[in-house]
Amino acid sequence: MLKSRVAPSNISHSRIKKGAITLIAALSVSVLVTGCNNTDSTSETAAEGADAEQKVLRVATEGAYAPFNYTDAEGNLAGFDVDITNALCEQMQRKCEITAQDWEGIIPGLKAKKYDAIIAAMSVTPERAEQVDFTEPYFTNSLVFIATKASSFDPSSAETINSSEIAAQRSTISSQWLESNYPKTSIKMYDTLNNAFLDLESNRVDAMISDKLPALEWLSKNGSTFEIKGSEIEIDDNFAIAVRKQDALKQEINTALAAIKANGTYDRIKDKHFPMP
């Protein structure tokens, strides 16, 4: 009887041992599976993190200032500023989002955080520098007067300028220069450069003052009737990229700008849009 009782006890203990081994094995498998799942999850998280690291750079341009920025026949933003923006984004490993913004509201939009930077042929002025921070310059500009070839308009004569009605785009360096140097002249202001050119073409004004390259772009289509009058006006006018005050983005853009100038990208873009000397 004792043996008959011991036997079941031994069998029971054996089953317990086998059960324990089975449980341990199952737990080991579970741990291995869980470990694999954790590795996959970590990889997915890392991949998501890598995607998240490519930050978006939101840039505003005017879209009405050829050849620097304009809307092409397909309705896409194009021009020197747009190509520079894309080159900077590539150098910074950022995704670009470029939007058109009317000129009058472009700085208020930046300050309201609608976008992160302005790349729109914007001249550096003391008044603007009080509102935004500027990067290093990326272009140097000069001004010109335009009138019909038949016109006797002479920009070297203060009397001629003061007795003429001259078109200019509002809130630009050209209109500010004209107001500052010839306060007696009659200036007709326009929200966009295109509208100023339209009135010049329609002979609603005597002459127009403009940045040199947009003027040359317009004259390439209207040069049979209009021309630059006098010499170009050198005013040490530098275009730079505007960011919000104290934004670390300024240094990041400066580093990228220096890089695209050093590696030849900047010159290729410049030659593409401004093939003239």
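For the structure, check the block above.
Residues numbered from 1 in each chain as written. Predicted model: local features only at pLDDT ≥ 70, side-chain atom pairs only at ≥ 80, totals over all residues. Heavy atoms only, no water.

## What about the pattern of salt bridges?
At step 1: Taken as a whole, this structure holds 11 salt bridges when the rule is applied.
At step 2: The partner of Lys212 in a salt bridge is Glu232, with the nearest N and O atoms 2.9 Å apart. You can see Lys212 sitting in helix H8 (residues 212-222) and its partner Glu232 sitting in strand S12 (residues 226-239), a full 20 residues away along the chain.
At step 3: For Lys212, a relative accessible area of 22% gives the class partly exposed. (Salt bridge = Lys/Arg side-chain N within 4 Å of Asp/Glu carboxyl O. Helix = DSSP H or I, 4+ residues; strand = E, 2+ residues; numbered from the N terminus. Buried < 20%, exposed > 50% of the residue type's maximum accessible area, 1.4 Å probe, protein only.)

## Some thoughts on the sheet that holds strand S4 (residues 77-78)
Hydrogen bonding along the main chain pairs the strands of a sheet, whether they run parallel or antiparallel.
At step 1: With antiparallel pairing, the three strands of this open sheet are ordered in space as S2-S3-S4. Whereas interior strands pair on both sides, the edge strands pair on one side only; in this sheet they are strand S2 (64-65) and S4.
At step 2: In the sheet, strand S3 (residues 69-71) pairs with S4 via two bridges, with the strands oriented antiparallel. Bridge pairing links Thr71 to Leu77 in S4. (Pairing = 2+ DSSP bridges.)

## Things to note about helix H7 (residues 193-201)
At step 1: Of the positions making up H7, those classed as buried are Leu193, Ala196, Phe197, Asp199 and Leu200. Across the axial projection of H7, the buried residues extend over an arc of 160°, all falling on one side.
At step 2: Positioned one or two residues after H7, Asn203 has a phi angle of 60°, which is positive. (Arc of directions from axis to C-beta.)

## Things to note about the sheet that holds strand S9 (residues 165-169)
At step 1: In space, the five strands of this open sheet follow the order S10-S9-S11-S8-S12, with mixed pairing throughout. Each of the sheet's edge strands pairs with one partner strand only, and the pair in question is strand S10 (186-190) and S12. The sheet shows a mean angle of 25° between the axes of neighbouring strands, taken without regard to direction.
At step 2: As judged from the two bridges shared by S9 and strand S11 (residues 207-211), these two strands associate in the parallel manner. Counterpart to Ile166 in the pairing with S11 is Ala207.
At step 3: Along the sheet, H7 contacts strand S8 (139-148), S9, S10, S11 and S12; its crossing angle with S11, the most-contacted strand, is approximately 150°. (Axes fitted to C-alpha atoms, helices over the stretch in contact; angles between N-to-C directions. Contact = heavy atoms within 4.5 Å.)

## Looking at the pairing of S8
At step 1: Of all the 10 residues making up S8, nine are buried; the element is thus mostly covered by neighbouring parts of the structure.
At step 2: Sheet topology places S8 next to S12; nine bridges connect them, and they run antiparallel. Following the sheet pairing, Ser142 is matched in S12 by Glu234.
At step 3: As judged from the four bridges shared by S8 and S11, these two strands associate in the antiparallel manner. In the strand pairing of S11, Phe145 is matched with Ile209.

## Thoughts on the packing of helix H2 (residues 80-92) against helix H9 (residues 249-262)
At step 1: Axis separation between H2 and H9 bottoms out at 9 Å; the angle between their running directions is 100°. In terms of their interaxial angle, H2 and H9 are classed as roughly perpendicular. Contacts between H2 and H9 involve Ile84, Ala87, Leu88, Gln91 and Met92 on the former and, on the latter, Leu249, Glu252, Ile253, Ala256, Leu257, Ala259 and Ile260.
At step 2: For the contact of H2 with H9, the residue count by class is 10 nonpolar, one polar and one charged. (Parallel < 35°, antiparallel > 145°, perpendicular 65-115°, else oblique. Nonpolar A, V, L, I, M, F, W, Y, C, P; charged D, E, K, R; others polar.)

## Some points on the packing of aromatic side chains
At step 1: Scanning the entire structure with this criterion turns up 16 aromatic pairs.
At step 2: Between Phe68 and Phe274, the ring centres sit 5.3 Å apart and the planes meet at 55°, which makes this aromatic pair tilted. With Phe68 in the loop between S2 and S3 and Phe274 in the segment after helix H10 (265-273), the pair connects residues that are 206 residues apart, well separated along the chain. Here the two residues Phe68 and Phe274 agree in accessibility, since each one is buried.
At step 3: A connected cluster of aromatic rings, assembled from ring pairs, spans Tyr65, Phe68, Phe80, Tyr138, Phe139, Phe239, Tyr266 and Phe274.
At step 4: The lysine or arginine in question, Lys261, covers the ring of Tyr266, its NZ or CZ lying 5.6 Å from the ring centre. (Phe/Tyr/Trp six-rings, centres within 6.5 Å; stacked < 30°, edge-to-face > 60°. Lys NZ or Arg CZ within 6 Å of the ring centre and 35° of its normal.)

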